[in-house]
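Residue strings, one per chain:
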Amino acid sequence: MSGPQKANDLLGQIPKTKGLPPVHLWNPDFCGDIDMRIARDGTWYYLGTPIGRKPMVKLFSTIIRRDGDDYFLITPVEKVGIKVDDAPFVAIAVDVEGEGEAQVLRFTTNVDETTDAGAEHPIRVVVDPLTQEPAPYVHVRTNLEALIHRNVFYQLVELAVSREIDGQRWLGVWSGGEFFRIGLEP
């Protein structure tokens, strides 16, 4: 299932539409796994080699779907499994509009998709229990997240304000009228 032609076959099956294809509506038969992997830094690999053509990566990124813990590339006629090391996207930039509770944080991913953090696109931070290193994420679209790049996370820390929640002081950021915790206040 991992022949060099497989990726081109998938690309040829993507309908030409405006916006994102409706992968949530497609339920083709599972055709097996292909040798495609998205590394933690957002690099896409096919047959162990980085995909160097950004337009191809962007096109593949429009047909990714997560079901449970598994990731797939989906077309109307095929569903193939791929590996994702962490999250399928990386938030590489953030733009700030407004301030305080009216602030909006607009994230741009490595595939040029933008997402405004808010109730439908929350920010979450997972802390590694051993290293205590934070791993921040923003919800991008149905069941898919972007790992927030370290430099972008530092920008969020700079924007952080203190707020008491359930008797504890938290640092967090406002976006879309929501307060997102990024860590306990030291």
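Rules of the game
- Residues numbered from 1 in each chain as written.
- Predicted model: local features only at pLDDT ≥ 70, side-chain atom pairs only at ≥ 80, totals over all residues.
- Heavy atoms only, no water.
- Pairing = 2+ DSSP bridges.
- Helix = DSSP H or I, 4+ residues; strand = E, 2+ residues; numbered from the N terminus.
- UniProt positions renumbered as here; feature names shortened; annotations may be inferred.

If you look the protein up in an unreviewed UniProt entry, it shows as Proteophosphoglycan from Pseudomonas mohnii.

Engineer: It is not clear to me how the pairing of strand β1 (residues 30-38) should be interpreted in this structure. Could you clarify?
Structural biologist: The pairing of β1 with strand β6 (residues 79-84) spans four bridges and is parallel. The residue of β6 that forms the bridge with Arg37 is Lys83. As judged from the three bridges shared by β1 and strand β2 (residues 44-46), these two strands associate in the antiparallel manner. The partner of Arg37 across the bridge, within β2, is Tyr45. Joining the antiparallel neighbours β1 and β2 is a turn of five residues, in which Gly42 adopts a positive phi near 90°.

Engineer: Please explain the UniProt feature "domain: DUF1285" (unreviewed entry) in the protein as it appears in this structure.
Structural biologist: With numbering aligned to this structure, UniProt lists the feature "domain: DUF1285" (unreviewed entry) at residues 21-87 and 88-182. For residues 21-87, the end-to-end C-alpha separation is 20 Å, with 12% helix and 43% strand making up the annotated structure. Secondary structure content for residues 88-182 is 11% helix and 57% strand, and the end C-alpha separation is 21 Å.

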